[in-house]
Amino acid sequence: MSIEIAILPVLGLLWGPIGILGFLIVESIYFIVYDPSDIIFVLKIMTVLFISSMMLWKLWYSVMNRDGHEIPNLNSLYNIIKFFSLFIVYMGVAYILLYGFIKGNSDAEYLYENMVMIFPLSVLILIMGIHTTVKYKIPLYTPKRELKYILPEKAYFIILIAAIIIGLANILLVNNELYSRMISILVMVLLITYITKPLGDNYAIKEDIPLNLFNKINYSLFILMLILLGLATLPLYVFIPEDITPTDVLGNFSYIIINYMTLMLIPVLGYMYYLEKNMTKPINRLSKSLSRSMNNKEDYQMLKDDLNSITVNNELKSLAESMLNMEEDLNLYTKQLIEVTSQKERYETEMKLGHEIQDSMISKNFEEYNDGGKCEIWGLMKPAREVAGDFYDFFKIDDDNIGFVIGDVSGKGITASLIMVKAMTLIQDYARHLEDPSEVFYEVNNLLCEGNVENLFVTCWLGKINFKTKKLSYVNAGHNPPLIKQNENFEYYTIDPGVVLAAMEDMPYETNELQLKSGDAIFLYTDGITEANYNYNDFYGEERLKNILNKHKNEDLEMIINAVEKDIDDFCENQEQFDDTTMFAIRLK
């Protein structure tokens, strides 16, 4: 028995003419060395085996390519049926040529009987070979595209069918050995003609075939079938009567295998059909649908159609519905996120514009006074948010008087910034027309109280210096006491403050006066300076502020304010500030 014949269809289907020729050359050398007297017979047998094996390879790549040309694989029930169908064709072509072309030759008949007996082994080796090559991505020999047709494309299929019909008729009807060989030569020519059939323009092989769930399951089923077969046939080897020869046992064994595979294959294929329809196909469709990117409404509708097309009545349908609901929720969330993001961007743009407008309202024309003027001025405002509730301002009242103010609106954000703009504008306007600062606060307080639905208030300190008399007139509406340098150092100048602005109408305010001289300086600030802190562990405090001022008391006002700013940053370890920080300083020349 030529057991090695079992691997020929494996080599043929996976490695094509190269694998077939390599096997047949080695097999021919073996037979010629074993019996050199019948070389012609060996060449005939090898020719038959070559054509049969080439048919298996050619048919796989040329017919039934519903999903396009692909390397041999068992990833679908369609490919399994195709695989068994082609294997039957392989056995049929070998039968036609062996019994027709070498009719009556006992050696040829014996060879075919061997092929039939080892048919199950060939199937097993081929299944394992396909599984192994796909799993480990072993390169296979695939046909090259050929565009030149000698005959019309349909003629090749007609030739194939004609060869099979003529070959069967030759076996069944022709009894003359000479005629039978002549007809067999014709059949061989027809089959060779079909083997040379070119492959068309759209030919492209898909070689990267992953092992899907269906492949792994059916591979396990085939292995299980073989195990059951071994268990069923084991008694043949254990309980063999002495009068039965090994040849009889082997023959009976081959028929058992064939019958077993025939009986088992039909229900197994039926089960695979059920498995593919209700499990693997829905899973593959679900996986493919969810792996597709969604860039627009059309992609989402395509996903929805794919998930709705899963019609099985099991957990996969529930999973598909859940995924569809999740995609709908995700789509809705995406729309809402886009809207929120758009609103946020619009809000940030508006806040940035508000910051620029507010920043432009804060006076920064220090050089107008510092360069050859009667005083030195500098100020700084750092908002904790985009817009601030703090403010400072300085303005020329007339040639002999200058007004300056600092304020802090309770609250944060846009509302506080609007109150800040209103307060700063009103104070500057009234300070230019009213001589007494207390009258300015009286009028501004009443106007701020009107429509104050948010119940916000403003702490404020307003001063006016006459350059001729060097007299300071000031009024305090609940603001931090200023630091004034009249002698050597800055000291807090404390008086009883009045009521904050915008708290209650018709509140009286008191104007205070202080005589200054050249070189005296006034430092104003908001509570964002003294209450600066790091994680509320400790406040920056009034004492630390006074110390840093006195440390730099003889420097320019810009350098003094920059030194305070840096000292606060060091104290807070450069963390984000909690409140607006505002400073203003003026020094008489």
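Refer to the structure above for everything that follows.
Cut-off values and rules
Residues numbered from 1 in each chain as written. Predicted model: local features only at pLDDT ≥ 70, side-chain atom pairs only at ≥ 80, totals over all residues. Heavy atoms only, no water. Pairing = 2+ DSSP bridges. Helix = DSSP H or I, 4+ residues; strand = E, 2+ residues; numbered from the N terminus. Axes fitted to C-alpha atoms, helices over the stretch in contact; angles between N-to-C directions. Phe/Tyr/Trp six-rings, centres within 6.5 Å; stacked < 30°, edge-to-face > 60°. Buried < 20%, exposed > 50% of the residue type's maximum accessible area, 1.4 Å probe, protein only. Lys NZ or Arg CZ within 6 Å of the ring centre and 35° of its normal. Contact = heavy atoms within 4.5 Å. Parallel < 35°, antiparallel > 145°, perpendicular 65-115°, else oblique. Left-handed = near helix turned anticlockwise from the far one by under 90°. Nonpolar A, V, L, I, M, F, W, Y, C, P; charged D, E, K, R; others polar.

**Thoughts on the sheet that holds strand E2 (residues 390–398)**
The strand order across the open sheet built from 5 strands is E2-E3-E4-E5-E8, with neighbouring strands paired in antiparallel fashion. Pairing within the sheet leaves two strands with one partner each, and these edge strands are E2 and strand E8 (512–515). Mean inter-strand twist for the sheet, computed between neighbouring axes without regard to direction, equals 20 degrees. When E2 meets strand E3 (residues 401–409), the two strands line up antiparallel, connected through 8 bridges. Within E3, the residue paired with Asp398 across the bridge is Asn401.

**Observations concerning the packing of aromatic side chains**
Scanning the model with the defined rule gives 20 aromatic pairs in all. Ring centres 5.1 Å apart and planes at 65 degrees place the aromatic pair Phe83 and Phe84 in the edge-to-face group. Each member of the pair, Phe83 as well as Phe84, is classed as buried. A cation over an aromatic ring shows up here: Lys82 above the ring of Trp60, its NZ or CZ 4.0 Å from the ring centre. A cation over a ring is seen here: Lys144 above Tyr141, with NZ or CZ 4.9 Å from the ring centre.

**Details of the sheet that holds strand E10 (residues 581–588)**
A sheet is described by the order of its strands in space; here 5 strands give the open sequence E1-E10-E9-E6-E7, paired in antiparallel fashion. Looking along the sheet, the strands with just one partner apiece sit at the ends: strand E1 (375–382) and strand E7 (490–492). Adjacent strand axes in the sheet meet at a mean angle of 15 degrees, parallel and antiparallel pairs treated alike. Sheet strands in contact with helix H17 (residues 557–571) are E1, strand E9 (521–525) and E10, and its direction is about 25 degrees off that of E1.

**Quick word on the packing of helix H16 (residues 542–551) against H17**
Contact pair H16 / H17: the axes reach a minimum separation of 9 Å and the direction vectors enclose 135 degrees. Between H16 and H17, the angle is such that the two are oblique. The crossing of H16 and H17 is right-handed. Where H16 approaches H17, its residues Arg544, Leu545, Ile548 and Leu549 are matched on the opposing element by Ile560, Ala563, Val564, Asp567 and Phe571. By residue class, the composition of the contact of H16 with H17 is 7 nonpolar, no polar and 2 charged.

**Here's the deal with the environment of Ile45**
One can find Ile45 in helix H2 (residues 39–62). Considered as a pair, Ile45 and Leu111 are 66 residues apart in the sequence and their alpha carbons are 9.0 Å apart.

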